[in-house]
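Observations on the three-dimensional arrangement
Here are the chains, one letter per residue:
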Amino acid sequence: MVSRTIRTQHGGRATGRPTLEEVAARAGVGRGTVSRVINGSPRVSESARVAVQAAVAELGYVPNRAARALAANRTDAIALVVPDPEDRFFAEPYFSEIVRGVGAALAETDMQLLLTLAGGDRERRRLANYLAAHRVDGVLLVSVRADDPIPDLLEELAVPVVISGRRSGDETLAAVDADNYAGAFGAVAHLAARGRSRIGTITGRLDIYGAQCRLAGYRAALDAAGLDPAPGLIAPADFTEEGGRRAMQELLARCPGLDAVFAASDVMAAGARQVLRGAGRRIPDDVALVGFDDSAVARHMDPALTSVRQPIGEMGRTMARMLLQEITGESDRVGAGAGRSLTGSARRPQIVLPTELVIRESS
């Protein structure tokens, strides 16, 4: 015998749409458990999850997303904020990999991803007004500098935030980073082990903590190899191809006898390669070259570029998962996975993911 339940709404009208309470009754659990299962919370036993999923399938329950968001005071939207100019965003492979990783983590959720470029004062003011209106549930902040006002604004507005790359060693916000120091150390140690003794470096913007860590790793590796980290071998740049060209020109002018260069990004290494070739220097015969990121730029260079691989896609996925847990109040459950956690009693979760040196023809 088949039984059918007639459901009523306001005014006694019949409707075939099952309710959350009916799903709970069918599964033999509480309404809150059903809500947690539907929202993807990990704080549910496996047996309860299976029972709720079976009840949802049997009853044909479809969550009312708009009502759920309204009741929870949520927008079901996350902003990915890049405080850099548009031209750098589209020229730097790092950003596209981050976006790909974030998108993969959000693919099985109801969250919408909003991309916001805030490289100028006008864009930052517009962003501040947008965030103050609480139009997003949280923010993923990429490529943040030490003096950037956006993190302080987010804290003031009590907007959940996870940043890519710490602002300093004393970072208090939730953050995901690559081990920039170890990556740079390994790259320069590799060059020294190949017999290179006059090793220069092209740094990124030194108001970015990751660039500072890569420079520190360079210096430490030279010291460990018994080589002199002379100031003339260090040329600051800005993570752009043009910056790499200018810095390489400076290095050749100051130290024409250098025999290796560690560039703090693949894009800058590409600029350095152009200058080296223009000066008649063969890679790697005369000057070995190593980059950082292991992006498509490294694989397509001629010769193919030795580079430090940082798991950019995994960084994006980890950031998104951490932010979702911050939004739902479950950030205490964040794990380091393959990385190491720097979380302390006064800090939000911070994950540092390992890097790997990928050796190719350029070194």
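Keep in mind the model is a prediction, meaning the values are calculated, not measured.

1. A few points about the nonpolar core
With 45 residues, the main nonpolar core has Ile202, Tyr218, Met248 and Phe262 as its most contacted residues. Among the secondary structure elements, those contributing two or more residues to this core are α9 (180–193), β8 (199–203), α10 (209–224), β9 (234–236), α11 (241–254), β10 (260–263), α12 (266–278) and β11 (288–293). Sorting elements by how many residues they give to this core places α12 first, with 6 residues. Excluding its chain neighbours within four sequence positions, the residues that come into contact with Phe262 are Ala184, Ala187, Val188, Leu191, Gly200, Thr201, Ile202, Arg214, Tyr218, Val290, Gly291 and Phe292. Core analysis: the next-biggest nonpolar cluster, separate from the first, contains 27 residues, Ile98, Val102, Leu140 and Val142 among them.

2. Considering the pairing of β11
The buried fraction of β11 is high, at 6 of 6 residues. Where β10 lies against β11, 3 bridges are found, and the strand directions are parallel. For Val261, the partnering residue across the bridge sits in β11 and is Leu289. Each parallel crossover has a hand, and the one from β10 via α12 to β11 is right-handed. Note that β11 and strand β12 (residues 306–309) share 4 bridges and pair parallel. Across the sheet, Phe292 pairs through a bridge with Val308, a residue of β12.

3. What to know about the packing of aromatic side chains
This structure, assessed with the given rule, holds 5 aromatic pairs. Among the aromatic side chains, those forming a connected cluster through ring pairs are Phe89, Phe90, Tyr94 and Phe95. Sitting above the plane of the Phe292 ring, Arg214 keeps its charged end 3.7 Å from the centroid.

4. Description of the pairing of strand β14 (residues 350–353)
Side chains Gln350 and Val352 of β14 all project onto a buried face; the interleaved residues Ile351 and Leu353 project onto the opposite face, where all are buried too. Both strand β7 (residues 174–178) and β14 contribute to a ladder of 4 bridges, which runs parallel. Each bridged residue has a counterpart across the sheet, and for Val176 the counterpart in β14 is Ile351.

Rules used in this analysis
Every chain is numbered independently, its residues counted from 1 as its sequence is written. At least 70 in pLDDT is required for a residue's local features to be given in this predicted model, at least 80 for side-chain atom pairs to be given and counted, and no such filter applies to totals for whole chains, interfaces and linings, which use all residues. Heavy atoms from the whole structure form the basis of all side-chain values; hydrogens and water molecules are not counted. Think of a nonpolar core as a cluster: buried Ala, Val, Leu, Ile, Met, Phe, Trp, Tyr and Cys residues, connected wherever their side-chain atoms sit within 4.5 Å. Each residue gets one of three labels from its accessible area relative to the maximum for its type: buried under 20%, exposed over 50%, partly exposed in between, using a 1.4 Å probe on protein chains only. Here a strand is any run of E in DSSP of at least two residues, a helix any run of H or I of at least four, and the numbering for each starts at the N terminus. Residue contacts are counted whenever heavy atoms from the two residues lie within 4.5 Å of one another. Here, strands pair whenever DSSP counts at least two bridges between them. The handedness rule is simple: strands pointing away from the viewer, and a clockwise path from the first strand over the helix to the second, make the crossover right-handed. By convention, a stacked pair of Phe, Tyr or Trp rings (six-membered ring in the case of Trp) has centres within 6.5 Å and planes under 30 degrees apart, an edge-to-face pair has planes over 60 apart, and any other such pair is tilted. Ring-over charges, as used throughout, are those where CZ of Arg or NZ of Lys falls within 6 Å of the ring centre and within 35 degrees of the ring normal.

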